[in-house]
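Residue-level listing of the chains:
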Amino acid sequence: MLKIFLSSVCILTITLGIARFGFTPILPIMQSEAGLGVAAGGWLTSSHYLGYLIGVVVSFTLVTIKQKERFLLFGLLSSILSTVLMATTTSFLYWAAIRFVAGFSGSAGVIIGAGLIMRWLQDKSNSPPQLGFYFSGIGVGIILSGIASIYFSRNNFSWDEHWLGFGVLSLILFFPAWLYRPVIKDIPSNKQVLTDSKSKDRTLSTEFFCILVMYFFAGLGFVVSATFAIALAVERDFVQENSLLAWLLFGLVSIPSLFFWDFIEKKFSMFLALFSAITMHAASLILSAIFKDFAVFFISILLFGMSNLGIVSLTMTLAGRLNPANASKEMARLTFGFALALIIGPFLTGVLAEYFRSYDIPILLTGGLMVVGAMLMVVREYFLKRGKT
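Because the structure is predicted, anything quoted here is derived from the model rather than measured. Starting from 1, residues in each chain are numbered consecutively following that chain's sequence as written. Side-chain atom pairs in this predicted model are given and counted only at pLDDT of 80 or more, local residue features only at pLDDT of at least 70, and totals for whole chains, interfaces and linings cover all residues. Water and hydrogen atoms play no part in the side-chain values, which are based on all heavy atoms of the structure.

Colleague: Even after reading the chapter, I still don't get the packing of aromatic side chains, so can you show me in this structure?
Modeller: Centre distance within 6.5 Å is the pairing criterion for rings of Phe, Tyr and Trp, where only the six-membered ring of Trp is used; planes under 30 degrees apart are then read as stacked, over 60 as edge-to-face, and the remainder as tilted. A complete count under the given rule lists 22 aromatic pairs for this structure. Plain terms: the ring middles of tyrosine 151 and phenylalanine 157 are 6.2 Å apart, the flat faces sit at 70 degrees to each other, and that makes the pair edge-to-face. Classification of tyrosine 151 as partly exposed rests on a relative accessible area of 49%. Ring geometry for phenylalanine 222 versus phenylalanine 338: centroids 5.5 Å apart, planes at 55 degrees, classification tilted. Linking phenylalanine 222 in helix H9 (residues 206-235) with phenylalanine 338 in helix H13 (residues 327-356), this pair joins segments that are 116 residues apart in sequence. Here phenylalanine 222 matches phenylalanine 338 in class, with each residue buried. The cut-offs for exposure are 20% and 50% of the maximum accessible area for each residue type, with area from a 1.4 Å probe on protein chains only; residues under the lower value are buried, those over the upper are exposed, and the others partly exposed. Numbering of helices and strands runs from the N terminus, with a helix taken as a DSSP run of H or I at least four residues long and a strand as a DSSP run of E at least two residues long.

Next comes the structure, spelled out in structure tokens:
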């Protein structure tokens, strides 16, 4: 189990924790040293998530364990390569292409990696599987990128040397990620009783629609907070190192929060856990937009760390339970809405930030949409209870 945990953490650290979240602390450095504009930063992030969206669609088509393992290997290797290649050019078009590949690779870690772990847990345990420990890899990646970025900044590393350093970290983590991955036989287990036809019927249901739209809004909240948190701190003239420490806090808090939300889900209900996590993330966005001092910014980062990865982990856990016969397929079905939000969010945020000359308005709007997402969970719970009566 320890080896599986190590592999899980390393997979998401490479494909998302570093390949994606490494961009957050480097963004203001690239803006000051490489001439990257605010809107251009939004475009690069949208390119990343366009790749992620395409990767989600590809993940949906994969059926056999062999196909999924090949895609996972590709995702790990191309994540490392794309991280290194970011340091080799100052061309916006090349950056956009590289971020697209990084996003495509990230879907292998989030969808395929999580689906394989879910399958392994189903085979090994009779209790409902939970994925908090798997998604802790994102927090580990954020911590590593945050610590590395602070070290690089103190030693006057340039923006390209930041990327090269992140590439070296990813390469080191590749070996435990791949060598300790769970070995799964490509045969259905007795516990996998739901059919694809039931999954299709569920897709059309009101309950599924509520989850899908909620996860779309969660995607907006996720990408706005993750991409523009440090940029917002720079806009308000906070000390850069303090801002990086706040980002490091996000990673530190996110790891235990995943186990906390798993506990809430197991002790009480999936509804209470998801509703609370969504509400907490909405609060983090609204607070950061309304209040300008560093203390509130710090609290908003803390709330973001406590909530958003929990939303991802709980939603993916729910998806895997809805279709244990092919957890990755159900995860991809739900993640399509999340990935679509990831593409739209950075572009709209960048454009609105340039128009209003501030990140406050787009962040506040995103917080409002997260509140709507929480209400959708109330609607879903109502229909679920009505269906049981």
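Colleague: Sorry if this is basic, but what is going on with helix H2 (residues 23-33) here?
Modeller: Residues spaced three or four apart along an α-helix face the same direction, because each turn holds 3.6 residues. Within H2, eight of the 11 residues are buried, which leaves the element mostly enclosed by the surrounding structure. The complete set of buried residues in H2 reads Phe23, Thr24, Pro25, Ile26, Leu27, Pro28, Ile29 and Met30. Of the residues one or two after H2, glycine 35 is the one with positive phi, at around 75 degrees.

Colleague: So what exactly am I meant to see when it comes to the confidence of the model for the protein chain here?
Modeller: Do not read the fine detail of predicted coordinates wherever pLDDT is low. Confidence in the prediction of the protein chain, expressed as mean pLDDT, is 85, and 90% of residues score 70 or more. Each residue carries a pLDDT score, the predictor's own confidence in it, on a scale running from 0 to 100. When pLDDT is averaged over each helix and strand of the protein chain, the minimum, 48, is found for helix H8 (residues 196-203) and the maximum, 95, for helix H4 (residues 65-85). For residues 193-197, every residue scores under 50 in pLDDT, and the model assigns this stretch eight contacts once sequence neighbours within four places are set aside. Whether two residues are in contact is decided by their heavy atoms, any of which lying within 4.5 Å being enough.

Colleague: Could you clarify how one ought to interpret the packing of helix H1 (residues 2-18) against helix H7 (residues 159-179) in this entry?
Modeller: How two helices sit against one another is set out by the angle between their axes and by the gap between those axes. It is at 8 Å that the axes of H1 and H7 come closest, and there the two elements cross at 150 degrees. It follows that H1 is roughly antiparallel to H7 by the angle criterion. The two elements H1 and H7 meet at a crossing, and its hand is left-handed. Where H1 approaches H7, its residues Leu6, Ser7, Cys10, Ile11, Thr13, Ile14 and Ile18 are matched on the opposing element by Phe166, Leu169, Ser170, Leu173, Phe174, Pro176 and Ala177. In this count, Pro and Cys sit with the nonpolar residues alongside Ala, Val, Leu, Ile, Met, Phe, Trp and Tyr, while Asp, Glu, Lys and Arg are called charged and the others, Gly among them, polar. Each residue belonging to the contact of H1 with H7 can be placed in one class, and the counts come to 11 nonpolar, three polar and no charged. Between the N-to-C directions of two axes lies an angle of 0 to 180 degrees, each axis being a line fitted to C-alpha atoms and, for a helix, fitted only over the stretch in contact. Angle categories are assigned with fixed cut-offs, so that under 35 degrees is roughly parallel, over 145 is roughly antiparallel, 65 to 115 is roughly perpendicular, and the rest are oblique. Here is the rule for handedness: rotate from the far helix to the near one, and if that takes an anticlockwise turn smaller than a right angle the crossing is left-handed, while a clockwise turn gives right-handed.

Colleague: Help me understand the pattern of salt bridges in this model?
Modeller: If the charged atoms of two oppositely charged side chains come close together, the side chains can form a pair. By definition here, a salt bridge exists when the distance from a side-chain nitrogen of Lys or Arg to a carboxyl oxygen of Asp or Glu is within 4 Å. For the structure on display, the rule yields five salt bridges. The residue glutamate 69 makes a salt bridge to arginine 181 at a minimum N-O spacing of 3.4 Å. Placement of the pair is glutamate 69 in helix H4 and arginine 181 in the loop between H7 and H8, with a sequence separation of 112 residues. A salt bridge links glutamate 330 to arginine 333, with the nearest nitrogen and oxygen atoms 3.4 Å apart. In this pair, glutamate 330 and arginine 333 are both assigned in helix H13, three residues apart and thus about one turn of the helix distant. Take arginine 333: its relative accessible area is 15%, and that puts it in the buried class.

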